[in-house]
Amino acid sequence: MQLSQEQVLQALSNVEEPDLKKDLVTLNMIQDIHIDGNKLSFSVILTTPACPLKGLIENACRNAISHFISPEIEVSVNMTSRVTTQKNTGVPGVKNIIAVASGKGGVGKSTVAANLALGLSALGAKVGLIDADIYGPSVPIMFGLEGARPRASQENGKTRIEPIEKYGIKLLSIGFFTDPNQPVPWRGPMVSTAVKQLFNDADWGDLDYLVVDLPPGTGDIHITVTQSFPITGAVIVTTPQDVALADAKKGVGMLMMESINVPILGVIENMSYFTPAELPDNKYYIFGQGGGLKLANLVGAPFLGEIPLVKSISESGDAGTPVVLNGDGIMDVAFKNIAERVAQQISINNAKATNYADVINR
Ligand SMILES: Nc1ncnc2c1ncn2[C@@H]1O[C@H](COP(=O)(O)OP(=O)(O)OP(=O)(O)O)[C@@H](O)[C@H]1O
Ligand SMILES: [Mg+2]
């Protein structure tokens, strides 16, 4: 039997991308088909390297070839990815902008933003992180970069800022440009200009995801960021208590206002339960249970996962090595799962927004 390219495409057109609900061939995800006797190889181009369904899709492809053509074929599948985008993000080279927001302060936005960025990077994506919290920047401490100053140069009368690279991601913090010992009162327009510069005047290069850590509440910075750049989506961080939820609802309400209109990618519940290091299987729900899920249901967005309260998070944040990098079992897994869910949600939204036509650029 002479195996043909058409047969392969025909067989693989029976495999559905579970999130996008269309078959891999229609989505143009099957590429580089090579046939050599009964040896077959092809690439599956996923919409993100952080795809949680990678293994499932690969198995479905192998089964389809075996079932619809022949089990005798030696199949080699190259699972790869090209991160999708839906609109010009206003920042050259940047495919998706993810805002991390909350209503209440201190719920763990910065912790989530840093570990989400590193989680996406660990899964193979090109990632940047902007710390847009003028009043309490976190990136310099969390990444051990206190006192760091990004290089800046003048190019045709324009300032070009070089983000600092650490742990494989590109970073800029408003804190790199201020002196922590000399707090300067910022006026509204200055804040707006400074934040826009972090996006516009920096050499971000090619990024799949640019994560933005927003300050608490709903202020000038939120308005500037959301109105100046088409944000792909926002991740809402909350803690299980009712007060946090009430504030989170306000934060979500602002993002969903017609004039702002940022899609909500989902809700993350932080400090969900306490797990003592010496009893890793015990969970104590000290702040109540199910609050994050309730908020997600209320705003009609997916619940992206819960993060336990563990000492290693704050210790590693203070020590300048975010917890994803510690190889701490529970936290590593919690944040990688969340990174996958966020990437998955972006892929789904991007496919819908582009009407599935160019899910993978032809
Ligand atoms: N899951 C967790 N377990 C233990 N400590 C945590 C956890 N999440 C965050 N923390 C700690 O709680 C404090 C507040 O977290 P973080 O700075 O991330 O919150 P935030 O929402 O960004 O705060 P702000 O509103 O001030 O910007 C930090 O000291 C952090 O290390
Ligand atoms: Mg913060």
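Bear in mind that the values here come from a model prediction, so they are computed numbers and not experimental data.

Cut-off values and rules
- Each residue is numbered by its place in its chain's sequence as written, counting from 1.
- Going through the entries in the order they are written, you letter the chains from A and number the ligands from 1.
- Given that this is a predicted model, residues contribute local features only at a pLDDT of at least 70 and side-chain atom pairs are listed and counted only at 80 or more, while totals for whole chains, interfaces and linings are drawn from all residues.
- Hydrogens are left out, water is left out, and the side-chain values use all remaining heavy atoms of the structure.
- Take the buried residues of types Ala, Val, Leu, Ile, Met, Phe, Trp, Tyr and Cys, join any two whose side-chain atoms come within 4.5 Å, and each joined set is a nonpolar core.
- Burial classes follow relative accessibility: with a 1.4 Å probe on protein chains only, a residue under 20% of its type's maximum area counts as buried, one over 50% as exposed, and anything between as partly exposed.
- A contact between two residues is defined here by any heavy atoms of the two lying within 4.5 Å.
- The numbering of helices and of strands both runs from the N terminus, where a helix is a DSSP run of H or I of at least 4 residues and a strand a run of E of at least 2.
- One side-chain nitrogen of Lys or Arg within 4 Å of one carboxyl oxygen of Asp or Glu is enough to make a salt bridge.
- Each axis is a line fitted through C-alpha atoms, taken for helices only over the stretch in contact, and angles between the N-to-C directions span 0 to 180 degrees.
- Each angle receives one of four descriptions, namely roughly parallel if under 35 degrees, roughly antiparallel if over 145, roughly perpendicular if within 65 to 115, and oblique otherwise.
- Crossings are classed by handedness, with left-handed meaning an anticlockwise turn of the near helix from the far one by less than a right angle and right-handed meaning a clockwise turn.
- Side-chain classes follow a simple rule in which Ala, Val, Leu, Ile, Met, Phe, Trp, Tyr, Cys and Pro form the nonpolar group, Asp, Glu, Lys and Arg form the charged group, and the remainder, Gly included, forms the polar group.
- Ring pairs are drawn from Phe, Tyr and Trp, using the six-membered ring of Trp, whenever the two centres fall within 6.5 Å, and their geometry is named by plane angle: stacked under 30 degrees, edge-to-face over 60, tilted for the rest.
- Proximity criterion: a residue is near a molecule or strand once any of its heavy atoms comes within 4 Å of it.
- Within 3.5 Å is the distance limit for a polar contact, defined as a pair of N or O atoms, with the added protein rule that one can donate a hydrogen and the other accept it, and that residues adjacent in sequence qualify only through two side-chain atoms.
- Shrake-Rupley sampling with a 1.4 Å probe provides the accessible areas, and residues are treated as covered by the protein chains on show and by no other component.
- Each pair of strands is called paired provided DSSP finds at least two bridges between the two strands.

Caption draft 1: Quick look at the nonpolar core. In terms of nonpolar packing, the biggest core is built from 84 residues, with Ile-98, Leu-120, Leu-129, Phe-143, Phe-199, Val-211 and Ile-236 touching the most fellow members. Once residues within four sequence positions are removed from consideration, Phe-199 is found in contact with Val-91, Ile-97, Ile-130, Trp-204, Leu-210, Val-212, Val-225 and Phe-229. In terms of nonpolar packing, the next biggest core, distinct from the first, is built from 28 residues, Leu-40, Ile-69, Ile-73 and Val-75 among them.

Caption draft 2: Region of the structure containing unusual backbone geometry. Of note, the phi angle at Asn-156 is positive, near 50°, even though the residue is not glycine. Looking at Asn-156, the relative accessible area reads 82%, which means it is exposed. For Tyr-167, which is not glycine, the phi torsion reads 50° and is therefore positive. Locating Tyr-167 in the fold gives a position in the loop between β10 (164-166) and β11 (169-173). For Tyr-167, a relative accessible area of 31% corresponds to the partly exposed category.

Caption draft 3: Representation of the pattern of salt bridges in the model. A full pass over the atoms with the stated rule returns five salt bridges. We note a salt bridge from Arg-62 to Glu-58, for which the minimum N-O separation is 3.0 Å. With Arg-62 and Glu-58 both in helix α2 (residues 54-68), this residue pair falls four residues apart, about one helical turn. By relative accessible area, which is 30% here, Arg-62 ends up partly exposed. The salt bridge involving Asp-201 is made with Lys-158; its shortest N-O contact spans 3.5 Å. Of the two residues, Asp-201 sits in the loop between α5 (188-200) and β12 (207-213) while Lys-158 sits in strand β9 (residues 158-161), which places them 43 residues apart along the sequence. Owing to a relative accessible area of 41%, Lys-158 belongs among the partly exposed residues under this scheme.

Caption draft 4: Expanded view of the packing of α5 against helix α6 (residues 220-228). In the contact formed by α5 and α6, the axes pass within 9 Å of each other and the chain directions differ by 45°. Judged by the angle between their axes, α5 and α6 are oblique. As α5 packs across α6, the resulting crossing turns out to be right-handed. Between α5, through Gly-188, Val-191, Ser-192, Val-195, Lys-196 and Phe-199, and α6, the contact on the second element is made entirely by Asp-220, Ile-221, Thr-224, Val-225 and Ser-228. By residue class, the composition of the contact of α5 with α6 is five nonpolar, four polar and two charged.

Caption draft 5: Region of interest: the packing of aromatic side chains. Applying the stated criterion across every chain yields a total of three aromatic pairs. With centroids separated by 6.0 Å and ring planes inclined at 35°, the aromatic side chains of Phe-143 and Tyr-167 adopt a geometry described as tilted. Taken together, the residues Phe-143 in the loop between α4 (139-142) and β8 (152-155) and Tyr-167 in the loop between β10 and β11 connect sequence positions 24 residues apart. When the ring of Tyr-273 is compared with that of Tyr-285, the centres are 5.4 Å apart and the planes differ by 55°; the resulting orientation is tilted.

Caption draft 6: Representation of the site of ligand 1 within the structure. Among the 17 residues in the neighbourhood of ligand 1, the closest are listed as Gly-106, Lys-109, Ser-110, Thr-111 and Pro-308. Here an oxygen atom of ligand 1 sits 2.8 Å away from a polar atom, N or O, in the side chain of Ser-110. Here a nitrogen atom of ligand 1 and a side-chain polar atom of Asn-270 are 2.9 Å apart. Notes on ligand 1: free accessible area 630 Å², of which the protein chains cover 77%. Broken down by secondary-structure element, the contributors of at least two residues to the shell around ligand 1 are α3 (109-122), β14 (264-274), β15 (303-309) and α9 (311-319).

Caption draft 7: A look at the sheet that holds strand β5 (residues 74-81). Spatial strand order, β3-β4-β5: three strands in an open sheet with mixed pairing. For this open sheet the edge positions go to β3 (30-36) and β5, each flanked by a neighbour on one side alone. Mean inter-strand twist for the sheet, computed between neighbouring axes without regard to direction, equals 15°. Relative to β5, strand β4 (residues 39-46) runs parallel, the two being bridged by eight bridges.

Caption draft 8: Structural detail: the packing of helix α7 (residues 242-256) against helix α8 (residues 291-299). Axis separation between α7 and α8 bottoms out at 10 Å; the angle between their running directions is 30°. Judged on the interaxial angle alone, α8 and α7 are roughly parallel. As α7 packs across α8, the resulting crossing turns out to be right-handed. Contacts from Asp-242, Leu-245, Ala-248, Lys-249, Val-252 and Met-256 in α7 reach Gly-291, Gly-292, Lys-294, Leu-295, Leu-298 and Val-299 in α8. Of the residues belonging to the contact of α7 with α8, the class tally is seven nonpolar, two polar and three charged.

In short, the description is geometric, and any link to function would need to be established separately.
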